[in-house]
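Chain and residue survey
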Amino acid sequence: MTDYKNLKLIATSNPHIRGSETTQSIMRDVIIAMCPALIWAVLTFGPEALVLTAVSAAGCVFFEWLYRAVMRKPQSIGDLSAVVTGMLLAFVCPPTLPCWTILIGDFFAIVIVKQLFGGIGKNFLNPALAGRAALVASYAGSMTTWIAPNTQAPILGGVADGVTAATPLAYMKTGDLAGLMAQYDLKAMFLGSIGGSLGEVSSLMLLIGGVYLIGRKVINWHIPVSYIGTVAVLTFLFPKAGSSQDWMLYSLFSGGLMLGAFFMATDYATSPITKKGQVVYGVGCGVFTVFIRYFGSYNEGVCYSIMVMNLCVALIDKYTKPTRFGVDKSSSKEAAK
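These numbers come from a predicted model, not from an experiment.

Broken down by element type, the chain carries 17 helices and zero strands. Evaluated residue by residue, the chain yields a buried proportion of 50% over its 337 residues. The long-range fraction of contacts in the chain, counting pairs at least 24 apart against all pairs at least 6 apart in sequence, stands at 74%. Accessible surface for the chain amounts to roughly 16500 Å². Of this, 66% is attributable to carbon and sulfur atoms.

Below is the structure:
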């Protein structure tokens, strides 16, 4: 019989079950998942894509180190989250963006959006998307100038007028699906032989990265599937031109939908924690994306739709959290009011 009086019981704070994952290991997986899209960007736009991504990642690491050094806080650059932010910010910018411009976006993303609110896990907006929004507001010309696929971007940024090209979303904004189909077939759209932001052109490479993240259990399927699925359903039911199927497929493979669904909307700090909430969040992102693309003055809706839903995460979590064991559901609802 066990002598309970002599047992050594140690009471500790939660969590009582710990895993082997760390912030650094999770961010390393995200970096690995972005590599296929980065390699494709280098093949499509030349070494400037790699230079811009490296400068952006280094800028984010520097600004995080500098802020925490000035504020005398423990350094956090070893968790690699700043590297991920820098890469994502580069991915949503044109490959011709001057390096000094993206450094301004790095500062806004890291210092203003992330560090001033407490650092990793405490920001209420996705830092990379907020940095992009700041750059679009400040340098609209540079942020909306695109080059044709397989055109080498200058190493130091800038682009000649002779190699600029319209993106697929520019065609779709005017309902010119026939013109888009004449320029790019579905194979080119899916593989990424199109113009656009550095890391968002190849749906195939982004899907490979997304499947890797799901397989590694860094993210789950609820947000990407509900996000992409909502866009697919809405664009199929309400096409602006051509057949429903063609309009839907071109909508899915255009712009930053795949990048946003797998890499942006799934950010831990700015997405719901419950599975039901993640579905609601993904559906909301999809609805806003289609609404902005159809009725807004801006061609793309992914950036702003995700940031809008970021602001709704606390409310979504509040109304989708499960009832605690032993607590009556009606009492739980009353407590939530």
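Moving on from the coordinates now.
For the rest of this paragraph, the subject is the pattern of salt bridges. Taken as a whole and assessed by the stated rule, the structure comprises three salt bridges. Of the charged contacts in the structure, one is a salt bridge between D29 and R216, with a shortest N-O distance of 3.2 Å. Of this pair, D29 sits in helix α1 (residues 23–45) while R216 sits in the loop between α10 (203–215) and α11 (222–237), and the two are 187 residues apart along the sequence. Residue R293 pairs with E300 through a salt bridge whose shortest N-O separation is 2.9 Å. Relative accessible area serves as the criterion here: at 9%, R293 is assigned to the buried category.

On to the state of the cysteines, then. Throughout the structure, instances matching the rule amount to zero disulfides. You can see C312 has no disulfide; the closest cysteine sulfur is in C285, sitting 9.1 Å from it.

In this section: empty space enclosed by the protein. For the structure shown, the criterion picks out two cavities of 30 Å³ or more. Here the largest cavity defines a volume of roughly 90 Å³. Looking at the largest cavity, it is lined by 13 residues, and the ones nearest its centre are V92, E200, G256, V302 and C303. Mapped onto the lining of the largest cavity, the elements with two or more residues apiece are α5 (127–138), α13 (257–264) and α15 (302–310). Split by residue class, the lining of the largest cavity holds seven nonpolar, three polar and three charged. If you go around the second largest cavity, the residues you meet are L169, M172, K173, K240, W247, S251, R293, Y294 and N299. In terms of residue count, helix α7 (residues 168–173) provides more of the lining of the second largest cavity than any other element does, three residues in total. Here the lining of the second largest cavity is composed, by residue class, of four nonpolar, two polar and three charged.

What follows is about helix α3 (residues 81–91). Most of α3 sits out of view: 11 of its 11 residues are buried. On the buried face of α3, the contacting elements are α1, α2 (47–70), α4 (99–114), α5 and α13.

With respect to the element layout, K187 can be found in helix α9 (residues 186–191). Sequence separation of K187 and F253 is 66 residues, and the distance between their C-alpha atoms is 9.9 Å.

Within the fold, S251 resides in helix α12 (residues 244–253). For S251, a relative accessible area of 3% puts it in the buried group. A C-alpha to C-alpha distance of 8.0 Å links S251 and L169, two positions 82 residues apart in sequence. If we ignore the near neighbours within four places in the chain, the residues touching S251 are M172, T235, L257 and R293.

Quick look at the nonpolar core now. With 80 residues, the main nonpolar core has Y227, L252, F263, Y281 and I306 as its most contacted residues. Broken down by element, the residue count for this core peaks at 10 residues, all from α1. Other than its neighbours up to four places away in sequence, I306 contacts L129, Y227, G260, M264, A265, Y281 and C285. Ranked by size, the runner-up nonpolar core spans six residues in total, among them F63, Y67, I110 and V111.

Turning our attention to the layout of surface pockets. Reported here for the largest pocket is a volume of approximately 450 Å³. In terms of lining residues, the largest pocket is bounded by 24 residues, among which M27, V84, I120, D267 and Y268 are the most central. Looking at the lining of the largest pocket, the elements that each hand over two or more residues are α1, α3, α5 and α13. A per-class count over the lining of the largest pocket returns 15 nonpolar, seven polar and two charged.

What counts, and at which threshold
Residues numbered from 1 in each chain as written. Predicted model: local features only at pLDDT ≥ 70, side-chain atom pairs only at ≥ 80, totals over all residues. Heavy atoms only, no water. Helix = DSSP H or I, 4+ residues; strand = E, 2+ residues; numbered from the N terminus. Buried < 20%, exposed > 50% of the residue type's maximum accessible area, 1.4 Å probe, protein only. Contact = heavy atoms within 4.5 Å. Areas by Shrake-Rupley, 256 points an atom, 1.4 Å probe, with all protein chains shown as cover. Salt bridge = Lys/Arg side-chain N within 4 Å of Asp/Glu carboxyl O. Disulfide = S-S within 2.5 Å. 1 Å grid on protein atoms, 1.4 Å probe; cavity = no way out; pocket = protein on both sides within 12 Å on 5 of 7 lines; lining within 4 Å. Points joined across faces, edges and corners; volume = space filled by probe spheres on them. Nonpolar A, V, L, I, M, F, W, Y, C, P; charged D, E, K, R; others polar. Core = buried A, V, L, I, M, F, W, Y, C linked by side-chain atoms within 4.5 Å.

Keep in mind these values describe shape, not function.
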